[in-house]
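The residues making up each chain are set out below.
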There are 2 protein chains.
Amino acid sequence: MQLTRAADYAVRMMIHLATLPLGSRTNRAALAAAASVPEPFVGKILQTLTRSGLIESQRGMNGGFALAASPEVVSVLDVVEAVEGPTTLNICVKPGATCDRKAWCPAHPVWCEAQDAMTAVLRRATLASLAQTHIDEEPQWISL
Amino acid sequence: MQLTRAADYAVRMMIHLATLPLGSRTNRAALAAAASVPEPFVGKILQTLTRSGLIESQRGMNGGFALAASPEVVSVLDVVEAVEGPTTLNICVKPGATCDRKAWCPAHPVWCEAQDAMTAVLRRATLASLAQTHIDEEPQWISL
């Protein structure tokens, strides 16, 4: 019951993109450094996030990566689910006939409630709010 | 970010044990049937739950398996963690120096809050309350 490395890295990368001035773009190496993500991972995650419509890439001299939507409307849950697929704490939480016991099993509503509680927190956390904290709190490396 | 099959099965088995009359014991085959758990899995899960002190086993004619503590004081979280170890939604939620960015990363408090919200639900759900629902709602198979 642990977040994948890829989802963790994707959230860090999206927060960094949300700190950039509107209209600016960044490249793979800068993203890797800012989000502390190993470079081989960055390309794969960028592909996933582009395919899911959360970021857009532009080729050429002034190209690079940027958020595709306002950071006000993108949540940590959106990013996690873009990478991992829909959150499913247990198989029975999925819609449809995923478990024969679903209709009467006393554990089923507990899994649903636990998942709802967790996803509510991740849904409330927008990239905009996290980027603001990031700008306020990231250590400043002053070159002497 | 999904519960393991073993933890799901362990919760079902513990709920079944909590429905039994005080002082009675059951065997592996009955547990497998009641909890809809494939029999090869049952032995392994019973070992884990015994080792963690949640159930006790007794050999011999009147032997079998029973809860080691009152179902009022054992929660779904206790069972999940006996099987999966301490809940860790993300690596940074573990105590200690598990991530260099922990002190200032804006995502870190979100992972902590999401985990707390989820574990609070699992901690509130006692085996006693689930066993009661089970007794009230399990379909009755009437042999004609």
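Each chain carries its own residue numbering, running from 1 in the direction its sequence is written. Ligands are numbered from 1 and chains lettered from A, in the order in which they are written. Under the rules for a predicted model, residues below a pLDDT of 70 receive no local features and side-chain atom pairs below 80 are neither given nor counted, while totals for whole chains, interfaces and linings still include all residues. Processing note: side-chain calculations cover all non-hydrogen atoms of the structure and skip hydrogens and water entirely.

## A short note on the confidence of the model for chain A
Residue and element names in this part refer to chain A. Considering every residue of chain A, the mean pLDDT works out to 92; 93% of them sit at 70 or more. The element-level mean pLDDT for chain A is lowest in helix 6 (residues 127-137), coming to 84, with helix 5 (residues 108-124) highest at 98. Here the predicted complex carries an ipTM of 0.91, next to a pTM of 0.90. A residue's pLDDT is the confidence the predictor assigns to it, expressed on a 0 to 100 scale. Secondary structure follows DSSP: runs of H or I at least 4 residues long count as helices, runs of E at least 2 residues long count as strands, and numbering of each begins at the N terminus.

## Section: the pattern of salt bridges
Salt bridge, as used here: a side-chain nitrogen of Lys or Arg that lies within 4 Å of a carboxyl oxygen of Asp or Glu. In the structure shown here, the tally under the stated rule is eight salt bridges over all chains. When the shortest N-O distance is used, the salt bridge between B:Arg5 and B:Asp8 registers 2.7 Å. Linking B:Arg5 with B:Asp8, this pair stays in helix 1 (residues 5-19), spanning three residues, or about one helical turn. Partly exposed residues are those whose accessible area sits between 20% and 50% of the maximum for their type, while under 20% is buried and over 50% is exposed, using a 1.4 Å probe and protein chains only. For B:Arg5, a relative accessible area of 32% translates into the label partly exposed. Taken together, the shared-partner salt bridges in this structure form one network comprising A:Arg5, A:Asp8 and A:Arg12.

## Considerations on the interface of chain A and chain B
We call two residues in contact when some of their heavy atoms are within 4.5 Å. Listed as interface residues are 40 residues of chain A and, on the opposing side, 40 residues of chain B. Buried surface area refers to the total accessible area, computed with a probe of radius 1.4 Å, that the two partners give up upon joining, counted for both partners together. Summing both partners gives a buried area of about 3800 Å² for chain A against chain B, and 67% of it is carried by carbon and sulfur. The interface formed by chain A and chain B contains two salt bridges. Between B:Arg124 and A:Glu113 there is a salt bridge, and its shortest N-O distance comes to 3.0 Å. Here a polar contact is taken to be a pair of N or O atoms separated by no more than 3.5 Å, where protein atoms must pair a possible hydrogen donor with a possible acceptor and residues adjacent in sequence count only if both atoms sit in side chains. In this structure, the connection of chain A to chain B is made through 12 residue pairs in polar contact (both at pLDDT 80 or more). Put simply, the parts of the chain that give the side of chain A that touches chain B at least two residues each are helix 1 (5-19), helix 2 (28-35), helix 4 (76-84), helix 5 and helix 6 of chain A. Examining the composition of the side of chain A that touches chain B, we find that nine residues originate from one element, helix 5 of chain A, more than from any other. All amino acids are sorted into three groups, where Ala, Val, Leu, Ile, Met, Phe, Trp, Tyr, Cys and Pro are nonpolar, Asp, Glu, Lys and Arg are charged, and the leftover types, Gly among them, are polar. By residue class, the composition of the side of chain A that touches chain B is 24 nonpolar, seven polar and nine charged.

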